[in-house]
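The primary structure of each chain is shown beneath.
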Amino acid sequence: MADKPDDHPREIALEARTIAGEKLYSPSASRNRDAIRDVVLEVMPSEGKILEIGGGTGEHGAHIAAAAPGLTWHSGDPDPASRASIAAWIEDAGLANLRGPHAVDVTAEDWGADWGADWGVEAGAPFDGLVSINMIHIAPFAAATGLFAGAGRLLKRGGVLFLYGPFSREGVHSAPSNEAFNASLKSRDPSWGVRDLEHDLAPLAQKNALVREMIVEMPANNLCVVFRKQ
Ligand SMILES: C[S@@+](CC[C@H](N)C(=O)[O-])C[C@H]1O[C@@H](n2cnc3c(N)ncnc32)[C@H](O)[C@@H]1O
């Protein structure tokens, strides 16, 4: 399936990325970046501060920030090679509204409470949006727990938590390829796996004052899922 490559030299990414200098290029990002950008632009305000979690190569942030001059986009990743790539994408883009990289690991307790000095004043909470693309299924469930807890702490009232990836619904995979992908994730790490919107994420949303507002079907059996902070 298109977004679930079977070649995985970089275990955090599950796909064969290419590299030019410090810049990494992800085949899946080149395929899905327009479609994801369009949904982000639809659900985010035209002006505001966005925090991207698990930015990976940095391509999505650069692509979206270029189309949204009113959004200040802060990208980052806990993985050092990804941060180097994000920094290179930011430098090459030369966009005033593209910042980072931060090193937020959402499994850290109370993440986001003390980053101020490293990020610049404008980086601090509250945020208008948190964006995480293809992250919570390729990480232990603690990453989903930490992401939703952070969204509860750091989003403005009315702010958006935006997720993209494969998800199951009421315990059922949306396609055989997603079921196979889930099995392959679990064979790499039993703590990884396609998350279920109702069984896994709805309780996290409820606990953190987030209401699921929109689900957008995307190519290759992926979804964009939008939660709004109450
Ligand atoms: C499959 S990559 C996706 C990268 C990018 N968002 C994309 O779609 O091309 C998943 C990313 O999530 C990051 N990640 C994993 N666990 C994380 C955590 N606990 N907190 C923040 N990011 C995490 C990884 O380092 C990796 O860069």
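Conventions and cut-offs
- Residues numbered from 1 in each chain as written.
- Predicted model: local features only at pLDDT ≥ 70, side-chain atom pairs only at ≥ 80, totals over all residues.
- Heavy atoms only, no water.
- Helix = DSSP H or I, 4+ residues; strand = E, 2+ residues; numbered from the N terminus.
- Expected span 1.5 Å × (residues − 1).
- Buried < 20%, exposed > 50% of the residue type's maximum accessible area, 1.4 Å probe, protein only.
- Arc of directions from axis to C-beta.
- Contact = heavy atoms within 4.5 Å.
- Pairing = 2+ DSSP bridges.
- Core = buried A, V, L, I, M, F, W, Y, C linked by side-chain atoms within 4.5 Å.
- Salt bridge = Lys/Arg side-chain N within 4 Å of Asp/Glu carboxyl O.

K.L.:
Sorry if this is basic, but what is going on with helix α6 (residues 176–188) here?
P.N.:
In an α-helix, one turn spans 3.6 residues, which is why side chains three or four residues apart end up on the same side. Taking 1.5 Å of rise per residue, 13 residues should cover 18 Å, and α6 covers 19 Å from first to last C-alpha, within 8% of that figure. Among the residues of α6, N178, F181, N182 and L185 are the ones counted as buried. Down the axis of α6, the smallest arc covering the buried residues is 105°, so these residues share one side. Counted as exposed and oriented over 90 degrees from the buried face of α6: P176 and S187. Packing partners of the buried residues in α6 comprise β8 (167–168).

K.L.:
Explanation requested: the pairing of strand β10 (residues 210–218) in the structure shown.
P.N.:
It is a general feature of regular strands that their side chains alternate between the two faces of the sheet. Inspection of the sheet shows β10 paired to strand β11 (residues 222–229) by 8 bridges, in the antiparallel sense. When the sheet's bridge partners are listed, I215 is paired in β11 with V225. The antiparallel hairpin formed by β10 and β11 contains 3 residues in its connecting segment, where A220 sits at a positive phi of about 60°.

K.L.:
I would appreciate a short explanation of the nonpolar core in the present structure.
P.N.:
Most often, soluble globular proteins have nonpolar side chains that are buried together. In this structure, L130, L147, F148, L161, L163, L201 and F227 are the most contacted members of the largest nonpolar core, which totals 28 residues. For this core, the elements supplying multiple residues, two or more each, are β3 (48–53), β6 (127–133), α5 (141–154), β7 (155–165), α7 (197–207) and β11. Not counting residues within four places of it along the chain, the set of residues in contact with F148 comprises L161, L163, L201, L204, A205, N208, L210 and F227. Of all hydrophobic cores here, the second largest spans 24 residues; its members include I36, M44, W73 and L98.

K.L.:
Looking at this structure, how should I read the pattern of salt bridges?
P.N.:
Between side chains of opposite charge, a pair can form when the charged atoms approach closely. Going through the model one piece at a time under the given rule, you end up with 8 salt bridges. With its nearest N and O atoms 3.4 Å apart, the salt bridge here joins R212 to E198. Here R212 is found in strand β10, whereas its partner E198 is found in helix α7, with 14 residues between them in sequence. Using a relative accessible area of 34% as the deciding quantity, one classes R212 as partly exposed. Overall, E198 belongs to the buried group, its relative accessible area being 16%.

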